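Residue-level structural notes
In case you want the letters, here they are:
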Amino acid sequence: MTGNDQTGAELGEPLIRMRNLRKVYRKRNEEFLAVSDVTMDIYPGDLVSLVGPSGCGKTTLLKILSGLQGHDGGTLEVGGAGSAGFNPGRDVGMVFQQPLLLKWRTVLDNVLLPADILGLERKQARARAHELLEMVGLAGFDQKYPYELSGGMQQRAAIARALIHSPKLVLMDEPFGALDALTREKMNMEMLRIWAESRTTFVVVTHSIQEAVFLGSRCAVLTAGPARMADFFTIHLEEPRKLQIKTSPEFGEYVRRIYELLGVE
């Protein structure tokens, strides 16, 4: 594994520290190794892309980070120093491949759903929701219903919903996989803008090598299941990133690096 080219001292305290993480699924008398030997540090403000083939354990890794599943080996520390105060229910936001908006709630009320569940102060939460809707480009759509929005707009609402309670960590599982190619490109640009404005730590699962390079401040490459860390590296590309950067030699080198790690000729 190739580590990050900055030292921990330069980056500060990791938000997430994984060492030789392992997950085994058991069914009757059989065992299936889903995640094997994943080691990485994720720092506050990172946008880490997780890329690898289908079935390599990327979603399992997200579930472990979210607290939805435990792990069977290795160590995991989430929250950095004083991690005992890290509460997955309050400190983690989730975005899935499908927006999963409640069709009977307005866009505003969908965004407010985590705040309602967590019992946050309503007036402050509404103010925060309006700020987020403006940030994701949905100002003026707060009273619309999901069926009145395009797929890309629904996913923007889902991102706003994930940020409403100011989580320390946002986990995204193939968030743009269901979108057409053009909308996906636009959402990649939106994602980078939202990340730059919020400076929240994001971990994004994707099957797309180009998307992993374009989005990630750092990239973790996982091999075919069971997930094993093949590489974990910082992506140095001109900021702010524009779609034209995909034609640059530097971008192409990162893409080739991942292809080689995954054994794609």
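See above for the structure.
Remember, predicted model here, so these are calculated numbers, not experimental data. (Residues numbered from 1 in each chain as written. Predicted model: local features only at pLDDT ≥ 70, side-chain atom pairs only at ≥ 80, totals over all residues. Heavy atoms only, no water.)

Another point: the sheet that holds strand 1 (residues 16-27). Taken in spatial order, the three strands line up as 2-1-4 in an open sheet, and their pairing is antiparallel. A single partner strand is all that each edge strand has here, and the edge strands are strand 2 (30-42) and strand 4 (73-78). Averaged over all pairs of adjacent strands, the angle between their axes in this sheet comes to 30°, without regard to strand direction. Pairing between strand 1 and strand 2: nine bridges, direction antiparallel. (Pairing = 2+ DSSP bridges. Helix = DSSP H or I, 4+ residues; strand = E, 2+ residues; numbered from the N terminus. Axes fitted to C-alpha atoms, helices over the stretch in contact; angles between N-to-C directions.)

A word on the pairing of strand 7 (residues 201-206). In terms of residue burial, strand 7 counts as a mostly covered element, since six of its six residues are buried. Burial of strand 7 is two-sided: the residues Thr 201, Val 203 and Val 205 facing one way and the residues Phe 202, Val 204 and Thr 206 facing the other way are all buried. Two strands pair when backbone bridges link them, and strand 3 (residues 47-51) and strand 7 are joined in this way by five bridges, in the parallel orientation. Its bridge partner lying in strand 7, Ser 49 is registered against Val 204. Here strand 6 (residues 169-173) runs beside strand 7; their pairing, made up of five bridges, is parallel. Residue Leu 169 lies in a different strand from strand 7, and its bridge partner there is Thr 201. In this region the chain leaves strand 6, passes through helix 8 (residues 181-198) and returns to the parallel neighbour strand 7; the handedness of that crossover is right-handed. (Buried < 20%, exposed > 50% of the residue type's maximum accessible area, 1.4 Å probe, protein only. Right-handed = clockwise from strand over helix to strand, strands pointing away.)

Here we take up the sheet that holds strand 7. Strand order in the open sheet made by the six strands is 5-6-7-3-8-9, with mixed pairing throughout. Sheet topology places strand 5 (92-95) and strand 9 (229-234) at the edges, where each strand pairs with a single neighbour. Here the strands of the sheet are splayed against their neighbours by 15° on average, with no regard to which way each runs. Bridge analysis of strand 8 (residues 218-222) against strand 9 gives five bridges, and the strand direction is antiparallel. Within strand 9, the position partnered with Arg 218 by the bridge is Thr 234. Contacts from helix 7 (residues 151-163) reach strand 5, strand 6 and strand 7, with the element oriented near 170° to strand 5. Contacts from helix 8 reach strand 3, strand 6 and strand 7 within the one sheet, and its direction differs from that of strand 7 by about 160°. (Contact = heavy atoms within 4.5 Å.)

Another point: unusual backbone geometry. Between Glu 239 and Pro 240 the backbone carries a cis peptide bond, its omega angle lying at -10°. With respect to the helices, strands and loops of the structure, Pro 240 is situated in the loop between strand 9 and helix 10 (249-261). If you check the backbone angles, Ser 166 has positive phi at about 50° while not being a glycine. One can find Ser 166 in the loop between helix 7 and strand 6.

This part is about the packing of aromatic side chains. Counting across every chain of the model gives one aromatic pair. Arranged with centres 6.0 Å apart and planes meeting at 0°, the rings of Phe 233 and Tyr 254 form a pair that is stacked. Pair noted here: Phe 233 is in strand 9 and Tyr 254 is in helix 10, with a separation of 21 residues, a long-range link. Taking the ring centre of Trp 195 as reference, the NZ or CZ of Arg 199 above it sits at 4.6 Å. Sitting above the plane of the Phe 233 ring, Arg 257 keeps its charged end 4.0 Å from the centroid. (Phe/Tyr/Trp six-rings, centres within 6.5 Å; stacked < 30°, edge-to-face > 60°. Lys NZ or Arg CZ within 6 Å of the ring centre and 35° of its normal.)

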